[in-house]
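Topology and contacts: notes
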Amino acid sequence: MKKRIAVFVSGSGTNMENIARKVKAGELDCEIVLVVCDNPNAYALKRAEQFQLETFVIERKNFKSKAEFEAAIDQKLRGKKVDAIFLAGFMRILSAEFVQKWKWRILNIHPSLLPKYPGVCAIKDACEAKEQETGVTIHFVDEGVDSGPVILQRKVPIQPTDTLAEVEARVHTTEYELYPEAIKLFLGGKLTVDGRQVKIRGGQTPLN
Ligand code: GAR
């Protein structure tokens, strides 16, 4: 049985589109049964439409509490019999309660070499700190912010003459390779979490 996936987005949705393209091409053995989006103006919704993916737009402001907002998402996911969640530019922190319910079934992509530069401006932060390299991290989501066990990381060089846009483009290119690689390992049942560490069957190291 193919795993049933919900992809969570807030913005442009290029990572979601990349995943959807690979699913369609048969490179990722899963089915995207839902795209959850907390922003009705997100361009990701147009991309989802192009791939004929079902969308669920849900705004935090329409709920009295974060708990009620997340309960509505959870109910929708259960209704769609979702097995796992791929966060792809979803700019909200999920509560500890939600994360517990979906323990080790939520993957996230982050544009830095975590634990360096967590948060929403990771690429800009690395450039402003005059780093010579940054990177991309795919990790399981835990109760912290960008702190869960790392599945894969890949470095991206920063040249002193680079503009922010150039670094962003390089980071995105790496994201489009690395997230599908991590998803493949996940879908293939190759990942286990041991304490804070992800073990990958087949000998791959997290920083590769
Ligand atoms: C990606 O660069 C992703 O790594 C980042 O948001 C961007 C979404 O782009 N995520 C975070 O910063 C999470 N803290 P996209 O909407 O085009 O896929």
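None of these values were measured; they are calculated from a predicted model.

1. What to know about the state of the cysteines
On inspection of all chains with the given rule, the structure shows 0 disulfides. Free of any disulfide, C37 has its nearest neighbouring cysteine sulfur in C30, separated by 19 Å. Relative accessible area serves as the criterion here: at 0%, C37 is assigned to the buried category. The cysteine C127 is free of any disulfide, with C121 supplying the nearest cysteine sulfur at 12 Å.

2. Some words on the environment of I151
Examined against the element boundaries, I151 turns out to sit in strand 7 (residues 150-157). In this structure I151 comes out as buried when scored by relative accessible area, which is 0%. In this structure, the C-alpha to C-alpha distance between I151 and L178, residues 27 residues apart in sequence, is 10.0 Å.

3. Digging into the sheet that holds strand 5 (residues 106-110)
Spatial ordering of the open sheet is given by 3-2-1-4-5-6-7, a layout of 7 strands whose pairing is mixed. Of all the strands in the sheet, just strand 3 (55-57) and strand 7 have a single pairing partner and so form its edges. Strand-to-strand twist of the sheet, defined as the mean angle between neighbouring strand axes without regard to direction, takes the value 20°. On the sheet, helix 1 (residues 14-24) packs against strand 1 (3-9), strand 2 (30-37) and strand 5 and is oriented at approximately 160° with respect to strand 2. Helix 6 (residues 164-187) contacts strand 1, strand 2, strand 4 (84-87), strand 5, strand 6 (133-140) and strand 7 of the sheet and is inclined by roughly 160° relative to strand 7.

4. Remarks on the packing of helix 1 against helix 6
Two elements in contact, helix 1 and helix 6, have axes separated by 10 Å at closest approach and are oriented at 55°. As summarised for this structure, helix 1 and helix 6 are arranged oblique, according to the angle between their axes. Viewed along their axes, helix 1 and helix 6 form a crossing whose handedness is right-handed. Between helix 1, through T14, N15, N18, I19 and K22, and helix 6, the contact on the second element is made entirely by E175, Y176, Y179, P180 and I183.

5. Describing helix 6
Because the α-helix completes a turn every 3.6 residues, residues three or four places apart line up on one side. In a regular helix each residue adds 1.5 Å, so 24 residues correspond to 34 Å; helix 6 covers 34 Å between its end C-alpha atoms and thus fits that length. At E175, helix 6 shows its maximal bend, which comes to roughly 25°. Buried residues of helix 6: V167, V171, T174, E175, L178, Y179, P180, A182, I183, L185, F186 and L187, and no others. Directly after helix 6, the chain includes G189, whose backbone phi takes a positive value near 70°.

About the cut-offs
- Residues numbered from 1 in each chain as written.
- Predicted model: local features only at pLDDT ≥ 70, side-chain atom pairs only at ≥ 80, totals over all residues.
- Heavy atoms only, no water.
- Disulfide = S-S within 2.5 Å.
- Buried < 20%, exposed > 50% of the residue type's maximum accessible area, 1.4 Å probe, protein only.
- Helix = DSSP H or I, 4+ residues; strand = E, 2+ residues; numbered from the N terminus.
- Pairing = 2+ DSSP bridges.
- Axes fitted to C-alpha atoms, helices over the stretch in contact; angles between N-to-C directions.
- Contact = heavy atoms within 4.5 Å.
- Parallel < 35°, antiparallel > 145°, perpendicular 65-115°, else oblique.
- Left-handed = near helix turned anticlockwise from the far one by under 90°.
- Expected span 1.5 Å × (residues − 1).
- Bend = angle between axes of the 7 residues up to and from the residue.

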